[in-house]
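Fold and geometry: a report
Each chain is listed here by its residues.
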Amino acid sequence: MEYSELLEYEPYSLDHSQKQKLLTKRLTDLTAHHMAHCRLYKNMMDSVGMTQERLREAVSYEELPFLPVRLFKELELASVPKEAVFKTMTSSGTTGQRVSKIFLDRQTAANQQKTMVKIVSDFIGSARMPMLILDCPSVVKNRLMFSARGAGILGFSIFGADRTYALTDEMKLDIDGVRQFLERHSGQRILMFGFTFMVWQHFYKELLRLEREEGERFDFSNGILIHGGGWKKLTSEAVSPEEFHRRLLAVCGLDHIHDYYGMVEQTGCIYMQCECGHLHASIFSDVIIRNPDDFTVCGVGDKGIIETVSAIPESYPGHLLLTEDEGILLGKDDCPCGRRGKYFKILGRLENAEIRGCSDTYAADFR
Amino acid sequence: MQQIFDKINYEVGTAQTICGMAERGGRVPFAEEVTVLLNDWSHRILKAPESRSYPDVVTFAFWIRKANVAEMRGRFVDERSIARGRGVAFHIAPSNVAVNYAYSLAAGLLTGNANIVRVPSKDFPQIRLLNRTLSETLEEYRAWQEEICLVRYGHDQAVNDALSQLADTRIIWGGDVTIREIRKSPLKARAFDVCFADRYSLAVVDVWSYLHCEDKEKAALDFYNDTYLTDQNACTSPRMVVWYAHGASAQEQAEAAELFWRHLWEQVEQKYAIRPIQAVNKLTTAYLAAAGHEEWRPVRADTAADNRLVRIAVSKLDGHLMDYRENSGFFYEYVCDDLRELLPVSGSRCQTIGYLGDPGMFDTLLSERFSGIDRIVPIGRTMDFDLIWDGYHLYEMLTRKVIVR
């Protein structure tokens, strides 16, 4: 099954059983494709007894083996020859950590972009808006090695006109630049995009300071903010999503705020937060909440490890991934916002286990 | 110097204790007084009601009892020669095992050394119990107060430097990275390190012996204690079960394996809890091993219902297999007729082989050259500490010989 068939549908137009049928076909095809084209993936499938026959018998993609997302940090997994790799994306690991490497050919990269346009348009419409990027310009400069931050910005840039960076490369708010941007587009809807922590640290906090110390207030009541990247860094500051929203509204009138969940390993298939505060799976992807004890599928309301499913990846075997995030399935097909498919909630990263034994943790602090 | 000693928290002893240790000379190993002191400490531990909750503490208390010390004395002390403790022993204990520091201290005391012990910074209840009873004991044996200083401090090279300068022997537990860090602090010219590096262990089960073993539940409990009790992360925890078939049919081997894992599963199901991240780690490691090594055929155990017990059958042993180790119930499995087949996994990282059966089955293996394998002990006893440990003769390393001709 070709990915283009899926692109015929609107992102939230199918109910769960219709979607399941389509996705199962596509994902079993992808599994077969990667087994044929990625030696390491084939070895892994062999190890769990996955064969072409068993694939043909699969009735749901819930039965298909999933790879822990960390494998992309440990191994170079590609299903296309090196010459076909058009760009390599990396996760934004903190210093010293290993980063994921994701190999894209033109086809997969193009499908990522088409998918993202369809998903995001469902929330903000397809007309281009003036766009304020709440980050610094240097983050997208190296186009050969895309970081998750850079990829996110470039991905969302297609929705924007007059793209303006709100921060300087020193991560300072470019006050004059932002003021001029707002003057140029006064009365228009504007699109704002940034990573959750950056938005908080370098945008919100600076706006707060400007208002308190210099009495200057910016008006973003026409703005739509899309932000992602997770709440991990903000939990240390005890900022909840509700608090985040409330404080931004108070400081600059910004009220249209969409969080999204996504990862560089499955770029394109983002999970957008709707008006009711729920993250939604489109028909191009899905989440499966798995019981950590045995990896069986959890029902609505049960906490578990999130598996993310994407129908896009052809150039690398990342169509079925077990994340290290914990979440809860909130429901299927019945979110009050009207979008069909699953909707869910992220609870955060899996806690690191403290392991007994004599090989030490003493050293961890030195790094 | 004073500034450095101020950075230290003293659990037992004081800065003066440490300052008084240098150049005092070692005591006679296994002297009567130390036997009495340790026996008294043992009594106090066992008398404390909370000790019953900590089998690791109880095991230690038994280890320092008079009878066990006398047994060790008989094995190690040569009455015809003169020996003294080397002087000051500086012990760096692993941070995630509660009682290891106590064994290290007892080894230092028995061999006649003054001891500075860096205890884990984590607040284990076992450590509180051991330190409290030790302090009580030392009230009765004041002369021994100057031989013991238990300290806690952060990762501070200045402190490591100062304490290392005092040491005649430095005992480093906690693995490769800790060893690398501590070694940045120089020792005196005649001092040396005893390093407990990252190691792994194996188990060998004789198919026939297991099938004829009456108490399979006991065998399972022993294996559970060797592995799951420490999250399968102690250097002594077997990472692989090797089935020694030796004439047994494939069917018999399969039957033995089925019984073995089923009995183990009963223990695991009752007692062991796994954190979600550990389940993800196990799946990750299983795939990493499978990705790189096509001839291995990892299969999930059919006797186990969940992620707490993961079995991976391999059809070939090579030197890289043990690079893919995981904790929390993750076992490779291999079947062989001759234990010489273990040679590829018997490199310098290999510490202990726990066995079930007749130790004579190792004869062929032991006739070969190998750089690992320091201990071959029955399953259930892989964690039993001894003064010969990890291939080191700690009695010899912590004492000095005086020759009179």
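Residues numbered from 1 in each chain as written. Chains lettered and ligands numbered in written order. Predicted model: local features only at pLDDT ≥ 70, side-chain atom pairs only at ≥ 80, totals over all residues. Heavy atoms only, no water.

Observations regarding unusual backbone geometry
If you check the backbone angles, F295 of chain A has positive phi at about 65 degrees while not being a glycine. At F30 of chain B, a position not held by glycine, the phi torsion is positive, near 55 degrees. Taking relative accessible area as the criterion, F30 of chain B reaches 1% and is therefore assigned buried. (Buried < 20%, exposed > 50% of the residue type's maximum accessible area, 1.4 Å probe, protein only.)

Remarks on the sheet that holds strand β7 (residues 192–195) of chain B
All names here are of chain B. With mixed pairing, 6 strands are arranged side by side in an open sheet as β1-β5-β4-β3-β6-β7. Each of the sheet's edge strands pairs with one partner strand only, and the pair in question is β1 (9–12) and β7. Between one strand axis and the next, the sheet turns by 20 degrees as a mean value, whatever way the strands run. As paired strands, strand β6 (residues 169–172) and β7 are joined by 4 bridges and run parallel to one another. If you follow I172 over to β7, its bridge partner there is C195. Taken strand by strand, helix α8 (residues 157–166) contacts β3 (88–92), β4 (114–118) and β6, and its axis lies near 145 degrees from that of β3. (Pairing = 2+ DSSP bridges. Helix = DSSP H or I, 4+ residues; strand = E, 2+ residues; numbered from the N terminus. Axes fitted to C-alpha atoms, helices over the stretch in contact; angles between N-to-C directions. Contact = heavy atoms within 4.5 Å.)

Looking at the interface of chain B and chain A
Between chain B and chain A, the residue contacts involve 48 residues of the former and 39 residues of the latter. Of the roughly 3,900 Å² buried where chain B meets chain A, counting both sides, 58% is carbon and sulfur surface. Considering only the surface of chain B that becomes buried against chain A, H155, I277 and Y287 of chain B emerge as the three largest contributors, covering 18% of it. In this structure, the connection of chain B to chain A is made through 1 salt bridge. In this structure, E351 of chain A engages R275 of chain B in a salt bridge whose closest nitrogen and oxygen atoms are separated by 3.0 Å. Inspection of the region where chain B meets chain A yields 5 residue pairs in polar contact (both at pLDDT 80 or more). Of all elements in the fold, only α9 (176–182) and α13 (276–292) of chain B reach the threshold of two or more residues within the side of chain B that touches chain A. If one sorts the elements of the side of chain B that touches chain A by residue count, α13 of chain B sits on top with 12 residues. Of the residues that constitute the side of chain B that touches chain A, the class distribution is 24 nonpolar, 15 polar and 9 charged. (Buried area = accessible area lost by both parts, 1.4 Å probe. Salt bridge = Lys/Arg side-chain N within 4 Å of Asp/Glu carboxyl O. Polar contact = N/O pair within 3.5 Å; in protein donor to acceptor, adjacent residues only side chain to side chain. Nonpolar A, V, L, I, M, F, W, Y, C, P; charged D, E, K, R; others polar.)

Points about the packing of aromatic side chains
Applying the stated criterion across every chain yields a total of 40 aromatic pairs over all chains. The interplanar angle of 90 degrees and the centroid separation of 5.5 Å between the aromatic rings of F196 of chain B and Y392 of chain B together place this pair among those described as edge-to-face. Residue F196 of chain B is found in the loop between β7 and β8 (200–206), and its partner Y392 of chain B is found in strand β15 (residues 392–393); the two are separated by 196 residues along the sequence. The interplanar angle of 65 degrees and the centroid separation of 5.1 Å between the aromatic rings of F223 of chain B and F260 of chain B together place this pair among those described as edge-to-face. Of this pair, F223 of chain B sits in helix α11 (residues 216–226) while F260 of chain B sits in helix α12 (residues 250–271), placing them 37 residues apart in sequence. According to the relative accessible area criterion, F260 of chain B is buried, its value standing at 3%. Just above the ring of Y12 of chain A sits the side chain of R339 of chain A; from NZ or CZ to the centre is 5.7 Å. Between K216 of chain B and the ring centre of Y210 of chain B, over which it is positioned, the NZ or CZ distance is 5.2 Å. (Phe/Tyr/Trp six-rings, centres within 6.5 Å; stacked < 30°, edge-to-face > 60°. Lys NZ or Arg CZ within 6 Å of the ring centre and 35° of its normal.)

Things to note about the pattern of salt bridges
All names here are of chain B. Scanning all chains against the criterion turns up 54 salt bridges over all chains. Between R44 and D40 there is a salt bridge, and its shortest N-O distance comes to 2.9 Å. Note that R44 and D40 are positioned in helix α3 (residues 32–47) at a spacing of 4 residues, about one turn of the helix. Across the pair, exposure class does not vary: R44 and D40 are buried alike. The salt bridge partner of R199 is D390, with a shortest N-O separation of 2.9 Å. With a gap of 191 residues between them, R199 in the loop between β7 and β8 and D390 in the loop between β14 (388–389) and β15 connect regions that are remote in the sequence. Take R199: its relative accessible area is 10%, and that puts it in the buried class. One connected set of salt bridges, linked through shared partners, spans D40, R44, E50, R132, E136 and E140.

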